[in-house]
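Examining the three-dimensional arrangement
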Amino acid sequence: QVHLAESGGGLVQAGDSLRLSCAASGSIARINAMGWYRQAPGKERELVATISTGGSTNYADPVKGRTTVSRDHAKNTLYLQMNSLKPEDTAVYYCFADRILAGRRYWGQGTQVTVSS
């Protein structure tokens, strides 16, 4: 079992920066890829960014160039640095962790990010 806990969300103004954290606990040694999704009101959950165990990253087009995903293996923590935030970035942000051999994806409870114009 893997437990994920996000933090760092809040209310910011357009153009500000924010760093989200996702602390992992439990069977973390068997985690493969990790990443972030977000869900805005009335919309489907969408992928934001992913990072592999080796550090390879992928970003969704709406956040590319403004966002950096990273993971600190020593602290068992995933990060999402978001810069130049826009009102359309407003959403609940969820981190996830995959355990491929177990065929499982684990989710955090989500953290709200609100960007005012």
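Let me sum up the structure you'll find in this document. Because the structure is predicted, anything quoted here is derived from the model rather than measured. (Residues numbered from 1 in each chain as written. Predicted model: local features only at pLDDT ≥ 70, side-chain atom pairs only at ≥ 80, totals over all residues. Heavy atoms only, no water.)

1. Some thoughts on unusual backbone geometry
- Although it is not a glycine, Asn 76 sits at a positive phi angle of roughly 55°.
- Looking at the secondary structure, you find Asn 76 in the loop between strand 7 (67-72) and strand 8 (77-82).
- In this structure, Ser 84 is a non-glycine residue whose phi angle is positive, near 45°.
- For Ser 84, the position within the fold is in the loop between strand 8 and strand 9 (91-99).
- Taking the relative accessible area as the measure of exposure, Ser 84 reaches 42% and is therefore partly exposed. (Helix = DSSP H or I, 4+ residues; strand = E, 2+ residues; numbered from the N terminus. Buried < 20%, exposed > 50% of the residue type's maximum accessible area, 1.4 Å probe, protein only.)

2. What to know about the packing of aromatic side chains
- Using the criterion set out here, one finds 3 aromatic pairs in the structure.
- Relative to Trp 107, the ring of Tyr 37 lies with its centre 5.3 Å away and its plane at 70°, an arrangement referred to as edge-to-face. Of the two residues, Tyr 37 sits in strand 4 (residues 34-39) while Trp 107 sits in strand 10 (residues 104-107), which places them 70 residues apart along the sequence.
- For Trp 107, a relative accessible area of 34% puts it in the partly exposed group.
- Both rings, one in Phe 96 and one in Trp 107, keep their centres 5.8 Å apart while their planes meet at 50°; by these two values the pair is tilted. Of the two residues, Phe 96 is situated in strand 9 and Trp 107 in strand 10; the sequence distance between them amounts to 11 residues.
- Taking the relative accessible area as the measure of exposure, Phe 96 reaches 1% and is therefore buried.
- Arg 45 extends its terminal NZ or CZ atom over the ring of Tyr 94, reaching a point 3.8 Å from the ring centre.
- The lysine or arginine in question, Arg 45, covers the ring of Trp 107, its NZ or CZ lying 4.7 Å from the ring centre. (Phe/Tyr/Trp six-rings, centres within 6.5 Å; stacked < 30°, edge-to-face > 60°. Lys NZ or Arg CZ within 6 Å of the ring centre and 35° of its normal.)

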